[in-house]
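Descriptive structure summary
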Amino acid sequence: MPYRVPFVDPRTHYQRLKPQIDGAIIDCLTKGDLVLRQQLRDFEASLAKFVGVKHAVGVNSGYHALHFSLLACGIGPGDEVITVAHTFVATVSAIVHAGATPVLIDVGKDYDMDLDLLEAAITPRTKAVLPVHLNGRLCDMERLESIAKRYHLTVIEDAAQSLGATFGGRRAGSFGKTGCFSFYPFKVLGGFGDGGAVTTNDADVARTVSLLRYNGEDRETGEYHHHGYTALLDNVQAAVLDVKLRELPTWIEHRRRIADLYRRGLEGIPGLGLPHFEDDGRFDIFQNYVIRTRERDRLREQLREDGIETLLHWPKPMWEHVGLALADPGLPETVRISKEVISLPMSAETTPEHVEITVRSIRRFFKC
Ligand SMILES: *Cc1c(COP(=O)(O)O)cnc(C)c1O
């Protein structure tokens, strides 16, 4: 049986912009513009402008945005990179595949890196810090940058969940040496498959990433500058993303309205934590709407019975996945979070009625 309240709704999402999306795809196919053509350059220019940086380079996933950022910043074997364990696995895999060592620290109550723990994790081998702006909320970049500066660390932002979010009026992906974005279908800006981008103000980094994504080749001279990868953002995807980027501010406003409705409906339930934190100059875009309770598993079961689809980000701390071969870094908050968080339906297609159904089910569960 389909869910009454789906977590996301890609079919309705497509219908919203069908004529423009179809037009963009047909344009690419008709002209035969498939690889490294104008549509890709146009999208990169739109994205750079939106984020507020000089360069954006499309790649084929958020993972590759992270991996290439690390390589372009000269991070490799013998180097340590500080990041969080409460993130999507790709953040850490990129560090491992670059040959560096991930150093995992805990997160705070807002699910972003706990900056009180950052300095203690720095060693003479630390080369970079890789904050993850989780769920659509930026880390305190002012404080993070001042620590990074003091210890001469490169900052690489995992902004895969925060396109359009701001801190102090500046957008995610404009603070670090690079910002890394994902256009996986269910991100705030999603394509019809995998996609990603690196944003930067550094022309050399932008150039290195654009060589890495295409076999190390300089397209103008034909010279291979190093062993590269095959990781382009497809022209067709870029054309679609360029159309969708124009609507992103509207979709973000929608998400914020939905978040506000959840808040009004769920506020005051004892033992239920909501994702609204002190404003302190941030603009959150609610990639996910994450609530928190010790009764998580039972609540999720009831929501499922009531036809409401939820997801868990993430039910098992990363180091407990034996195949990843990560030592247990002993992070109590990350462990607690893994048992308590549940992500409610949230997308550009979530309606006030969806929220009402969800709120009613949760209130019935807590008997209040
Ligand atoms: C989605 C995501 C990524 C990776 O993106 P892909 O495009 O799936 O490779 C990295 N980090 C975070 C926090 C993400 O949410």
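What you see is a predicted model, and the numbers here were worked out from it, not measured in a lab.

1. Things to note about the side chain of Thr 200
By the secondary structure assignment, Thr 200 is in strand β9 (residues 196-200). Reaching out from Thr 200, the side chain makes a polar contact with the backbone nitrogen of Asp 202 at a distance of 3.0 Å. Setting aside residues up to four positions removed in sequence, Thr 200 forms contacts with Val 53, Lys 54, His 55, Lys 177, Thr 178, Val 205 and Ala 206.

2. Things to note about the layout of surface pockets
In this structure, the largest pocket spans a volume of roughly 540 Å³. In this structure, the largest pocket is lined by 28 residues; those nearest its centre are Phe 88, Gln 161, Ser 182, Tyr 184 and Lys 187. Of all elements in the fold, only α4 (62-72) and α5 (89-97) reach the threshold of two or more residues within the lining of the largest pocket. In the lining of the largest pocket, the residues fall into 15 nonpolar, 10 polar and 3 charged. Both of domain 1 (10-245) and domain 2 (248-366) provide at least three residues apiece to the lining of the largest pocket. Put simply, the second largest pocket is a space of about 400 Å³. The wall of the second largest pocket is formed by 17 residues, among which Leu 36, Arg 41, Ser 210, Arg 213 and Arg 219 lie closest to the centre.

3. Notes on the packing of aromatic side chains
For the coordinates displayed, the defined rule picks out 9 aromatic pairs. Residues Tyr 262 and Tyr 289 carry aromatic rings whose centres are separated by 4.7 Å and whose planes lie at 25° to one another, so their mutual orientation is stacked. Of this pair, Tyr 262 sits in helix α10 (residues 248-266) while Tyr 289 sits in strand β11 (residues 289-292); the two residues are 27 residues apart in sequence, bridging distant segments of the chain. Under the relative-accessibility criterion, Tyr 289 is labelled buried at 0%. Three or more aromatic residues joined by ring pairs form one cluster here, namely Tyr 262, Phe 286 and Tyr 289. The lysine or arginine in question, Arg 171, covers the ring of Phe 50, its NZ or CZ lying 3.9 Å from the ring centre. A cation over a ring is seen here: Lys 244 above Phe 192, with NZ or CZ 5.5 Å from the ring centre.

4. What to know about the sheet that holds strand β1 (residues 55-59)
Taken together, 7 strands build an open sheet; the order of strands is β1-β9-β8-β5-β4-β2-β3 and the sheet is mixed. Looking at which strands have only one partner, the edges of the open sheet turn out to be β1 and β3 (101-105). On average, each strand axis in the sheet is inclined to that of its neighbour by 25°, with strand direction left out of account. As paired strands, strand β2 (residues 80-84) and β3 are joined by 5 bridges and run parallel to one another. Opposite Thr 83, over in β3, you have Leu 104 as the bridge partner. Contacts between α4 and the sheet are confined to β1, β2, β5 (154-158), β8 (178-182) and β9, with β8 contributing the most and set at about 160° to the helix. The sheet strands contacting helix α7 (residues 141-150) are β4 (126-129) and β5, and the helix crosses β5 at an angle near 150°.

The rules we used
Residues numbered from 1 in each chain as written. Predicted model: local features only at pLDDT ≥ 70, side-chain atom pairs only at ≥ 80, totals over all residues. Heavy atoms only, no water. Helix = DSSP H or I, 4+ residues; strand = E, 2+ residues; numbered from the N terminus. Polar contact = N/O pair within 3.5 Å; in protein donor to acceptor, adjacent residues only side chain to side chain. Contact = heavy atoms within 4.5 Å. 1 Å grid on protein atoms, 1.4 Å probe; cavity = no way out; pocket = protein on both sides within 12 Å on 5 of 7 lines; lining within 4 Å. Points joined across faces, edges and corners; volume = space filled by probe spheres on them. Nonpolar A, V, L, I, M, F, W, Y, C, P; charged D, E, K, R; others polar. Domains from an automatic or database assignment. Phe/Tyr/Trp six-rings, centres within 6.5 Å; stacked < 30°, edge-to-face > 60°. Buried < 20%, exposed > 50% of the residue type's maximum accessible area, 1.4 Å probe, protein only. Lys NZ or Arg CZ within 6 Å of the ring centre and 35° of its normal. Pairing = 2+ DSSP bridges. Axes fitted to C-alpha atoms, helices over the stretch in contact; angles between N-to-C directions.

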